[in-house]
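Given next are the chains, with one letter for each unit.
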Amino acid sequence: MKIEDVVCPFCGCLCDDLVVEVEGTRIVSVENGCTLANEKFMGDHRLKTPIRREGKGWKETTYDEAIRETAQILCDADRPLLYGWSGTHGEAQSIGIHLAEILGALVDNTSTVCHGPSILAIQEVGHPGCTLGQVKNRADVVVYWGTNPIDAHPRHMSRYTTFADGFFLKDAFRDRKLIVVDVRKSESANIADEFVRIQPGGDYAVLSALRAIVQGKRSIIPPSVAGVSREQLFRVADLFLSAKFGAIFFGLGLTMSRGKSKNIRNAIELTEELNRHTKFIISPMRGHWNVYGSNEVFTWITGYPYAVDFARGIAFYNPGETTSVDVLSRKECDACLVVASDPGAHFPKACAEHLARIPTVQIDPHVNATTHLSRIQIPVAVTGIDAEGTAYRMDGVPIRTRMLFKGNYPSDTAVLEQLYAIVKEIKGP
Amino acid sequence: MRVILRTKPRKKPFIPIEAETIIPQNFLRKNDIRVYEGNKERRLEEIFYITAEGPAVSPDQVEIVLSGETGNIKRVGEYMNAGRIVVEGDIGMHCGNFMSAGEIIIKGNADAWLGREMRGGTIRCEGNAGHYCAAGYRGEKRGMRGGLVDVMGSAGDFTAEYLSGGEVRIHGDCGDLPGVEMRGGTLTIGGHCHRPCGNMTGGTCMVFGRVYDLLPTFRGAGNEEREYRGQRCQMMLYKGDTANRGKGSLLVKKNLNRTGTD
Amino acid sequence: MSEFLIRNAYVIDPLSGIKGEIMDIAIRNGRIVEEVGSNAEVIDADHCLTLPGGIDSHSHVCGTKVNFGRYMSPEDMRAGRTARKGVMHVTSGYSVPTTFGNSYRYSVMGYTTVLEGAMAPLEARHTHEEFTATPHQDMLANTLFDGNWSIMEAVREKDMKRAAAVVAWTLSAVKGFAIKLTNPGGTEAWGWGEDVHSIQDQVPHFGVTPAEIIQTMIRANELLNLPHSVHLHCNALGVPGNYRTTLDTIDLVPDLNDKRQSLYLTHLQFHSYGGSTWKDISSKSEDIARAVNNKPAVAIDMGQIMFGRTTTMTADGPMEFKLYMLHHNKWSNHDVELETGSGIIPVYYSRKSLVNCVMWAIGLELALLVKDPWRCMLSTDNPNGAPFVKYPEIIALLMSRHFRENEIALLDPRTAHYVPLPAIDRELDWYDIAVMTRAGQAKALGITGIGKGSLAPGAEADIAIYPLKPESLDPSAEYQQVMAGFGKTRYTIKRGRVVARDGDVVVEGANSTIWTRATVPPGYDLSVDPEFMKKFEQYYTVRMSNYPVQDVYLPRGICIPTEASL
Amino acid sequence: MKFLLNTGRTIRQGSYVERKNSVAYQEEATSLCMNPVDMMNLELEEGSQVRVESEKESVIMKVHPALWITPGEVFVCLGPYANHLVKPETHGSGMPDFKGTMVTITPTSEPLVTVAELMEQCGGVRYED
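Residues numbered from 1 in each chain as written. Chains lettered and ligands numbered in written order. Predicted model: local features only at pLDDT ≥ 70, side-chain atom pairs only at ≥ 80, totals over all residues. Heavy atoms only, no water.

Colleague: Looking at this structure, I do not really get the overall build of chain A. What am I missing?
Modeller: When its secondary structure is counted, chain A shows 18 helices and 22 strands. Its C-alpha radius of gyration of 23 Å places chain A within 12% of the 22 Å reference for a compact globule of 429 residues. Here the C-alpha coordinates of chain A stretch approximately 70 × 50 × 40 Å along the principal axes. In chain A, buried positions account for 74% of the 429 residues. Taking all contacts inside chain A whose residues are at least 6 apart in sequence as the whole, residues at least 24 apart take part in 67%. (Helix = DSSP H or I, 4+ residues; strand = E, 2+ residues; numbered from the N terminus. Rg over C-alpha atoms; globule rule 2.2 N^0.38 Å. Buried < 20%, exposed > 50% of the residue type's maximum accessible area, 1.4 Å probe, protein only. Contact = heavy atoms within 4.5 Å.)

What follows is the structure, given as structure tokens:
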């Protein structure tokens, strides 16, 4: 059976034009997908049953037992951490947050090691953005700053920017200028009209310089800023100013390098400055397919997009203090539930060591690095393949992922609902 | 009155204690003071051995002495408006948040957000301070508005972020971006720092050590003389940050072989 | 079968013509009935003011821009935090509370139905997700068409029926309730960083004017026989001298419907400014109120501002950027492809600002000068003018001249030169307030037919009992009590169930979402229209099949079906 | 020799991300991209094993030449191997310095470890399916 307009649950592009052929509970072909999508749909490397660590080995267990033991672990803890969430649908995220609320837990999503600093910057200065269709239909200047879409968001350029013809740009590839700013000459830099190579850690200074230039203060700019010549800075600023509609997309090159949120703040303030002259927008290249959804769901329930601490009953938020990496490396938490992510692979070693030290439970379809650090793992259906639910694209557009076939695994929602019910029962009214 | 709080051993010593209730005014009467250990509410005596000596009729006659394993105790002195707190060792995050009067002495190191959004009073830290020392809260446009934060050692990154009033002195080094978003008040840095005063719109920052990676958007505006620890120093004056409105002053001590954008 | 009897209620039920009578109200299975059996649970109202549940006909509480208002404002979130308590979830936020925060606070004030003022169709799913997390009010969504390309093409072709077909398809696809136009044409212009400045300006590249969009949409709306009229946020919001644009707009309105207005003008306070700059801004409330009084085909809501901090959020992207240039705090913007835009900035309305004082006066003046309370709804355009928790204070200001005088004394002393407020003696009575906070809304929204806004047998048992005794209370003198009383019901009853009591929410709640579906003749069904489908696939970034909001998002949806006259 | 370690996504890393225990994932996540000039100075061939050491930690990786990287910098796709080297310090931001860790690189003949072995070094117990 061929299913059309399938939504890809891999990256923040959330492409929704895939054609997937299904035979029973097996996917036999994928059309329109990128390499990442093909691997996601065609790959079949699921953990078969719930597993539980016993001594130096692992034993199979049942869902009921695994969930009941997880509930007990979480209820026994004084500072449990519920981490992950960006790899599942919004309905499951919502239960997870209510679970944290009732447990007095910390709840955090993968933004913490992704666009968390972007959120901090947005909280300082706001976010002039738009949906991706605005860029497709209008943008004549596109900037990728500290991001390499060809590898990380393979269809971003063909669906929304460089290669995507739009209403006001009938021949996008010719009519749009592409500027790539990075510390290395990435695949994306190779096809840029202008490649700006910055010394590592130099983004803040370059952005400050561009702001000053846009304000007409050219005389202050020294011959070179973080490895970028004054001439190139002027050229880039002129390209910005001559745009009818400019779009800046930025990635982890800004969020992870020194200055962190301040780099993004500076980029947003440049965008704001440009809006005094023309139309400009800026947007983070969100990584996981539903990481933005986790920010949305967290926000409407708790008021904050990530890193929320319910220890005191109320929601407390302070990244740097209530973020997972900090809490784990300071050995604060005494139990951890990981849902739909892999902190074992993506956190520094000290954090992985603490996950191994405390009772860690993972709810995830696959065996990953965190599996080895856990006490229990509960396999679930993959949203977008054998489970469905809401996801938010990187620009905030909500799209419902599809269930392509009914498999044998329970969804994240089903497992979390059961867990929530047991915790509620243990905690009492 | 002198109240001595000495920590008891804890089963899970890494779980922070939240103790905004530890402020002088709460010890005037024999209140039932509670703190939090993770998600569990505890009576103060579950966490501390408590001794109290002498009388007090107003909070400014109360001195609280904290000793033992205090490096993981947060929010001590939050909203404090009178009296004195002495921490014999290290102190956890958010010490002296919103403090409006009184004095906090920390003999060891202070963790991050020391004196966050402080309005008045004095915090003196004899060791080092963590990140966001004397800074603001997420999303809020004003950080510290009054009072004095005096750190004998070094401070971390983003020191005095959003400083709007009052005085911050770091006698050792600062990390990256001290005085970032600063809009008023005075920041004095005795040692070295990276990229001071990014995006500043007002106030004065003086650096008596070296500045690394001075931002390209600061404009030289002559020389001035300033005194630091009894010594007259020749300073270079920069106005900035011109990426923003450029109304702030950054003074950097001259005659060091490494200044500027090197 | 659940039965309730409310005894000794001081009832004002304007839709039933009851203007203050002591009576009993019987409830069975969520509806008001003539009588119940002797086993019914009894609530003694003890002569307290008893009204139909409150209805907010223009508020921003759910959806993309509201959530972004939260997302970007941790400083606002920390201002209103409560812990989990009984069945109540954790809440955060003051001006943009979390969904549960909004729901509980509305419920405690006796509100049982709320219309979200602006939903971008492309992001409708988000609004519906938040609706289900706002469990104590029935929700409706105004759906944005101000910059809709298909609409503007139909307007250009002077094809009113095509415009109606676009509305019908969209409302049905996104489960929206009514047509919302926010700065029509201006949001498309903002796609290029531009704006339209009058209703006769051309929208760049589309060759239409705001006036043409408004006129076409008013008529298209009636062709579809939708319950509500077009809901308009006029052009030139917040600009000194904009009252001319507003008067020009009111001039456009034909009278096409004998049950309700033909055009709903929202937050009119922001559209009633005289002067030419911020220095000489003045109140033109008298001109505007006169125009409204002379035009029965329009209804308005106040858009009152109240002093203090809040967050402004609107689909009017260009206006928010202008506002940002004044405030320099922080600015978010979110243009939505082929449809609309939006902007958000935090603001602080200060008594020290003459402009803010004038704005404050204008809202009250409109409510006092518009003679017919059925055509003037009480609103703050929550949270733009103020968070809705300020409604009780506004009610007290409208009911007490004395209170107004006290407040005016605190304002910038120059205010009196720019506004007529000090000379207005009118004090609204309990009946006026009942009309302006529920009955008028129900009529204007066209939802009386599904049992909203009244206490007559057959109506939904949405009831608010306030600790106020109109028989012995003088609102003019005792305005503090009025304020306190409207702030916290003794009982809020939703669909026959007590949901809030003395300030606490007591049940989990389960609301409905009310939407409209106009059935069109086959030739007007755009879901199979090749040209529409082709353009959709070319210019949108989601597939047409993934655009409609699935039924699963409306677990308790109430559809109001209509038959289009195309 | 000292290098600045940069990390980021690669399409191969993304492709194998749900098979973290596979050889393919291990190969990609231990591939260290280095400018050929630096390789020459260190006398490294394509595929040579190196020990990459940060302040406290070290891992074994394999070198691959890359012209797109500046001498003095190296690139490894994000994953458990690279993250092993990154300090948990977040500067009060919640985010470690994933893109700016100073490392020392020396040739070695020690073998690569699997993801499971790496996690065992963190105190875990390997699960093999």
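Colleague: Which parts of the structure should I look at to understand the sheet that holds strand β8 (residues 128–130) of chain A?
Modeller: Within a sheet, each strand pairs with its neighbour through backbone hydrogen bonds, oriented either parallel or antiparallel. The sheet built from 4 strands is open, its strands ordered β8(A)-β16(C)-β17(C)-β15(C) with mixed pairing. The sheet is open, and its two borders are formed by β8 of chain A together with β15 (308–314) of chain C, each paired with just one other strand. The mean inter-strand angle of the sheet, taken between neighbouring strand axes irrespective of direction, is 25°. Sheet topology places β15 of chain C next to strand β17 (residues 343–349) of chain C; 7 bridges connect them, and they run antiparallel. From the neighbouring strand, G308 of chain C faces β17 of chain C, where its bridge partner is Y349 of chain C. (Pairing = 2+ DSSP bridges. Axes fitted to C-alpha atoms, helices over the stretch in contact; angles between N-to-C directions.)

Colleague: How do you make sense of the interface of chain C and chain A when you look at a structure like this?
Modeller: Reports often express the size of an interface as the amount of accessible area lost when the parts come together. Every contact between the two is made by 60 residues of chain C and, on the other side, 67 residues of chain A. Between chain C and chain A the total buried area reaches about 5,400 Å² when both faces are included, carbon and sulfur atoms providing 54% of it. If you sort the residues of chain C by the area they bury against chain A, Y71, W192 and T541 of chain C come out on top, with a joint share of 15%. Summed over the shared surface of chain C and chain A, the number is 4 salt bridges. Note that R543 of chain C and D5 of chain A form a salt bridge whose closest N and O atoms lie 2.7 Å from each other. In this structure, the connection of chain C to chain A is made through 42 residue pairs in polar contact (both at pLDDT 80 or more). Taken together, the elements giving at least two residues each to the side of chain C that touches chain A come down to α1 (64–71), α2 (74–77), α3 (99–108), α4 (124–132), α11 (317–327), β16 (332–335) and α18 (530–539) of chain C. Among the residues forming the side of chain C that touches chain A, the class breakdown is 25 nonpolar, 20 polar and 15 charged. Bridge count between β8 of chain A and β16 of chain C: 3 bridges; the pairing is parallel. Bridge assignment links P128 of chain A to a residue of β16 of chain C, and that residue is N333 of chain C. (Buried area = accessible area lost by both parts, 1.4 Å probe. Salt bridge = Lys/Arg side-chain N within 4 Å of Asp/Glu carboxyl O. Polar contact = N/O pair within 3.5 Å; in protein donor to acceptor, adjacent residues only side chain to side chain. Nonpolar A, V, L, I, M, F, W, Y, C, P; charged D, E, K, R; others polar.)

Colleague: Please explain helix α12 (residues 354–369) of chain C as it appears in this structure.
Modeller: For an α-helix, the turn length of 3.6 residues means that residues three or four places apart are oriented alike. Look at α12 of chain C: 22 Å from first C-alpha to last across 16 residues, which is about the 22 Å you get at 1.5 Å a residue. Burial within α12 of chain C is extensive, with 15 of its 16 residues counted as buried. (Expected span 1.5 Å × (residues − 1).)

Colleague: Please explain the domain arrangement of chain A as it appears in this structure.
Modeller: Residues and elements named next belong to chain A. Domain parsing of chain A yields domain 1 (47–114 + 289–427) and domain 2 (116–284). Contacts between domain 1 and domain 2 engage 12 residues on the former and 16 residues on the latter. Counting the surface domain 1 buries against domain 2, the share from its top three residues, C114, M394 and D395, is 49%. Our count for the contact surface shared by domain 1 and domain 2 stands at 0 salt bridges. Linking domain 1 with domain 2 are 5 residue pairs in polar contact (both at pLDDT 80 or more). Taken together, the residues of the side of domain 1 that touches domain 2 sort by class into 8 nonpolar, 2 polar and 2 charged. (Domains from an automatic or database assignment.)

Colleague: I tried to follow the state of the cysteines on my own but got confused; where do I start?
Modeller: Here, the word disulfide means a covalent bond between the sulfur atoms of two cysteines. According to the stated counting rule, one finds 0 disulfides over all chains in the structure shown. Between C174 of chain B, a cysteine without a disulfide, and C193 of chain B, which holds the nearest cysteine sulfur, the sulfur-to-sulfur distance is 6.2 Å. Cysteine C33 of chain D remains unbridged, with the sulfur of C77 of chain D as its closest cysteine sulfur at 8.7 Å. (Disulfide = S-S within 2.5 Å.)

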